[in-house]
Amino acid sequence: MNHGAHDGRVEVISGVMFSGKSEELLRRLRRALIARKRVQVFKSRLDDRYAGASRLSSHDGSGIDARPITSSRDLRRLVNPETDVVGIDEVQFLDDGIVQVVEWLADRRVRVIVAGTDMDFRGRPFGAMGALMARAEVVDKLHAICVRCGEPATRNQRLIGGEPAPPEAPTVHVGGNETYEARCRRCHEVPEPGRHQTELDIEGEAAAWAERARYW
Ligand code: ADP
Ligand code: ZN
């Protein structure tokens, strides 16, 4: 796709955890810097307990500083009018307002590159990722390697105490004792709701999820 030098656009780097989204975002941002573009980098965080700088880093240890944001409003407030390129990592954690802010920036000729995991641990669209992918000019879906069978992995497997997590748990469980694995469709496991007894708090979002699940 041939983009004019001044075209605003939205690029989405999507995929499962460990698929290399941060590495790819970093690669694109580095190239923009080489092209002497004015670049701003943001990273969403789940809570605002830690102020200050965050870092977008790849596994070889290199990285770029990223400004932590907790909402789409933060982003709108913090983008400078002269900025040419905006990068956002972990965009799936931001509120739905991110879709409008990203479109607003692209309409103002900003190249917006967002990276995020497209599915939650149940295999359902995560946050605003689906809406962002639909509106983007360019979408890349990266794969990891399934830790079970070695095929391309597309899904996030949540494990609690080594067991597949039930679907009624919250999508985001801050400070939880869960671990994640990259798995393919065939190896991805989500037990029936309520079949497994867990120590997770299933109130709040989880209750709402269970209510919604009745209509699926
Ligand atoms: P993402 O941002 O998509 O979570 P990262 O860029 O942080 O991905 O990490 C990608 C790196 O993770 C790979 O280059 C690889 O070294 C490592 N990795 C760990 N587990 C896996 C896996 N199951 N499949 C592929 N890469 C993996
Ligand atoms: Zn597999």
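This one's a predicted model, so the numbers in the text were calculated from it and none came from an experiment.

1. Re the site of ligand 1
Moving on, step 1. Surrounding ligand 1, one finds 14 residues, the nearest of these being Phe18, Lys21, Ser22, Ala144 and Ile145.
Moving on, step 2. Listing elements by their share of the shell around ligand 1, those giving two or more residues are α1 (21-34) and β8 (144-145).
Moving on, step 3. Here the element with the most residues in the shell around ligand 1 is α1; it accounts for three residues.
Moving on, step 4. Across the shell around ligand 1, the residue classes break down as six nonpolar, six polar and two charged.
Moving on, step 5. Mapped onto the domain boundaries, the shell around ligand 1 takes at least three residues apiece from domain 1 (9-142) and domain 2 (143-198).

2. Regarding the confidence of the model for the protein
Moving on, step 1. A residue-level look at the protein finds 82% of positions with pLDDT of 70 or above and a mean pLDDT of 86.
Moving on, step 2. Contacts from residues 196-202, a stretch scored under 50 in pLDDT, to residues over four places away or in other chains number eleven contacts.
Moving on, step 3. Confidence drops under pLDDT 50 across residues 210-216; counting only partners more than four residues distant or on other chains, this segment forms three contacts.

3. Structural notes on α1
Moving on, step 1. For α1, built from 14 residues, the straight-helix expectation of 20 Å at 1.5 Å per residue is met to within 8% by its first-to-last C-alpha distance of 20 Å.
Moving on, step 2. Within α1 the residues assigned to the buried category are Lys21, Ser22, Leu25, Leu26 and Leu29. One face of α1 carries all of its buried residues, which in axial projection span an arc of 130°. Projecting away from the buried face of α1 at angles above 90 degrees are the exposed residues Arg31 and Ile34.
Moving on, step 3. A positive phi of about 60° marks arginine 36, the residue just after α1.

4. Examining the environment of histidine 173
Moving on, step 1. Locating histidine 173 in the fold gives a position in the loop between β11 (163-164) and β12 (179-183).
Moving on, step 2. As for histidine 173 and leucine 46, which are separated by 127 residues in sequence, their C-alpha atoms are 9.5 Å apart.

Calculation criteria
- Residues numbered from 1 in each chain as written.
- Chains lettered and ligands numbered in written order.
- Predicted model: local features only at pLDDT ≥ 70, side-chain atom pairs only at ≥ 80, totals over all residues.
- Near = placed C-beta within 6 Å.
- Helix = DSSP H or I, 4+ residues; strand = E, 2+ residues; numbered from the N terminus.
- Nonpolar A, V, L, I, M, F, W, Y, C, P; charged D, E, K, R; others polar.
- Domains from an automatic or database assignment.
- pLDDT = per-residue confidence, 0-100.
- Contact = placed C-beta atoms within 7 Å.
- Expected span 1.5 Å × (residues − 1).
- Buried ≥ 20, exposed ≤ 12 C-beta atoms within 10 Å, placed from the backbone.
- Arc of directions from axis to C-beta.

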